[in-house]
Amino acid sequence: MKAVILAAGYGTRLQRDVAADSSGRFAHLAGTAKPLLPVGRSALLSLWVRALTAARCVDCIHVVTNAVYHAAFEEWASHFTNVKILSDQTTSNEGRLGAVACLQLAVKHFNIEDHVLVIGGDTLFKEDFSLKKVKERFNELQAESEDSCLLLSYQCQEEETIKYGILEVDSDLRVLCMKEKPLSAETQSRRACPCFYMFSKKSLPLLENFLEEKKEAPIEEKDAPGNFVSWLIPRKPVYIHEISGRFDVGNLPSYIECDLYFRETLQDVESYMV
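Being a predicted model, the structure only gives us computed values, none of them experimental. (Residues numbered from 1 in each chain as written. Predicted model: local features only at pLDDT ≥ 70, side-chain atom pairs only at ≥ 80, totals over all residues. Heavy atoms only, no water.)

1. Topic: the side chain of His 62
For step 1, the next point in the chain: Within the secondary structure layout, His 62 lies in strand β4 (residues 60-65).
For step 2, the next point in the chain: Other than its neighbours up to four places away in sequence, His 62 contacts Lys 2, Ala 3, Val 4, Ile 5, Lys 84, Phe 110 and Ile 112. (Helix = DSSP H or I, 4+ residues; strand = E, 2+ residues; numbered from the N terminus. Contact = heavy atoms within 4.5 Å.)

2. A look at the pairing of strand β12 (residues 196-199)
For step 1, the next point in the chain: On β12, burial covers both faces: Phe 196 and Met 198 on one face and Tyr 197 and Phe 199 on the other are all buried.
For step 2, the next point in the chain: Bridge count for strand β8 (residues 149-155) against β12 is two bridges, and the pairing is antiparallel. Bridged to Leu 150 within β12 is Met 198. (Buried < 20%, exposed > 50% of the residue type's maximum accessible area, 1.4 Å probe, protein only. Pairing = 2+ DSSP bridges.)

3. A look at helix α1 (residues 12-20)
For step 1, the next point in the chain: Taken together, the buried positions of α1 are occupied by Leu 14, Gln 15 and Val 18. Looking straight down α1, one finds its buried side chains confined to an arc of 95 degrees; they lie on one side. The outward face of α1, more than 90 degrees from its buried face, is lined by the exposed residues Arg 16, Ala 19 and Ala 20.
For step 2, the next point in the chain: In this structure, the buried side of α1 is in contact with α9 (252-264). (Arc of directions from axis to C-beta.)

4. As for a negative patch on the surface
For step 1, the next point in the chain: Together, Glu 127, Asp 128, Asp 268 and Glu 270 give the surface a local cluster of negative charge.
For step 2, the next point in the chain: With respect to the secondary-structure elements, Asp 128 resides in the loop between β7 (123-125) and α5 (131-144).
For step 3, the next point in the chain: Relative accessible area serves as the criterion here: at 41%, Asp 128 is assigned to the partly exposed category. (Patch = residues over 30% accessible without salt bridge, like charges linked within 9 Å, V, L, I, M, F, W, Y side chains within 5 Å. Areas by Shrake-Rupley, 256 points an atom, 1.4 Å probe, with all protein chains shown as cover. Salt bridge = Lys/Arg side-chain N within 4 Å of Asp/Glu carboxyl O. Lys, Arg positive; Asp, Glu negative; His and termini not counted. Charge placed at Lys NZ, Arg CZ, Asp CG, Glu CD.)

5. A look at the nonpolar core
For step 1, the next point in the chain: Counting residues in each nonpolar core, the largest one holds 62 residues, and the members touching the most others are Trp 48, Trp 76 and Leu 124.
For step 2, the next point in the chain: The leading source of residues in this core is helix α2 (residues 44-55), at eight residues.
For step 3, the next point in the chain: With sequence-adjacent residues up to four places away left out, Leu 124 is seen in contact with Val 39, Leu 44, Leu 47, Trp 48, Arg 246, Phe 247, Cys 258, Phe 262, Tyr 272 and Met 273.
For step 4, the next point in the chain: Ranked by size, the runner-up nonpolar core spans 36 residues in total, among them Ala 8, Leu 86, Leu 167 and Cys 193. (Core = buried A, V, L, I, M, F, W, Y, C linked by side-chain atoms within 4.5 Å.)

6. So, unusual backbone geometry
For step 1, the next point in the chain: Positive phi, normally seen in glycine, also occurs at Leu 173, with a value near 65 degrees.
For step 2, the next point in the chain: Inspection of the secondary structure puts Leu 173 in the loop between β9 (165-169) and β10 (175-180).
For step 3, the next point in the chain: You will see that Met 273, though not glycine, has its phi angle at about 65 degrees, which is positive.
For step 4, the next point in the chain: Position of Met 273 among the secondary structure elements: in the segment after α9.

7. Some remarks on the UniProt feature "domain: Nucleotidyl transferase" (unreviewed entry) in the chain
For step 1, the next point in the chain: The positions that UniProt labels "domain: Nucleotidyl transferase" (unreviewed entry) are, in the present scheme, residues 2-258.
For step 2, the next point in the chain: Between the end C-alpha atoms of residues 2-258 the distance is 27 Å, and the span holds 32% helix and 23% strand. (UniProt positions renumbered as here; feature names shortened; annotations may be inferred.)

Written out as structure tokens, the structure reads:
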């Protein structure tokens, strides 16, 4: 299995918050890509590399970034032997390719013909999350069908459904559909889906099909990777693995919450997410 970490975003909300903060406490974050933000004692992305390496669930980690942050990611990656950086060549948020196109870019550039673990570069999980357990569940599903893919899911609050992709599942935890940011009255499910997907190698050719189908669509339909997941669900068996929650570093308050947790609450950084 290969890992592809999506890190080509421009962090516009966070950078606006940093610029508007009058305290000056967070001025050092200006111009830093979200995946490289200091969280606790290391960069956010370093926590993923440490866990992926310790869990031995992938044999290579590919990180897709943009031209603006490419040099910073190359510098960061120079401390790891199993990380490869790829630039999508874009220079602005307005010109971004979108997450699905970035995933396809990595698959083609690195000639990936293996299962792929896709991770959002601004996401971390709570301490109950275990890469080894997720990989075990994926292997069980693969033994039943080589088409099977796996998503994560956690319970969100009723008022939060309009912020996330919400999964509806059957009694076997197979996904029936994903509703993108529905009103709470539009679904009984409260299963939010973070950007962490295990795609079978048999599903990878469908990336090109999706992008071809959406080539004339606005960037919003190709940007969020959940759009591909929604499209995939009727075409391949997709299941969920349940977790307790996540950190989603989207703005300054969410970054502060995440950083505080890793400074003061995290019990064991060595076993975290392994």
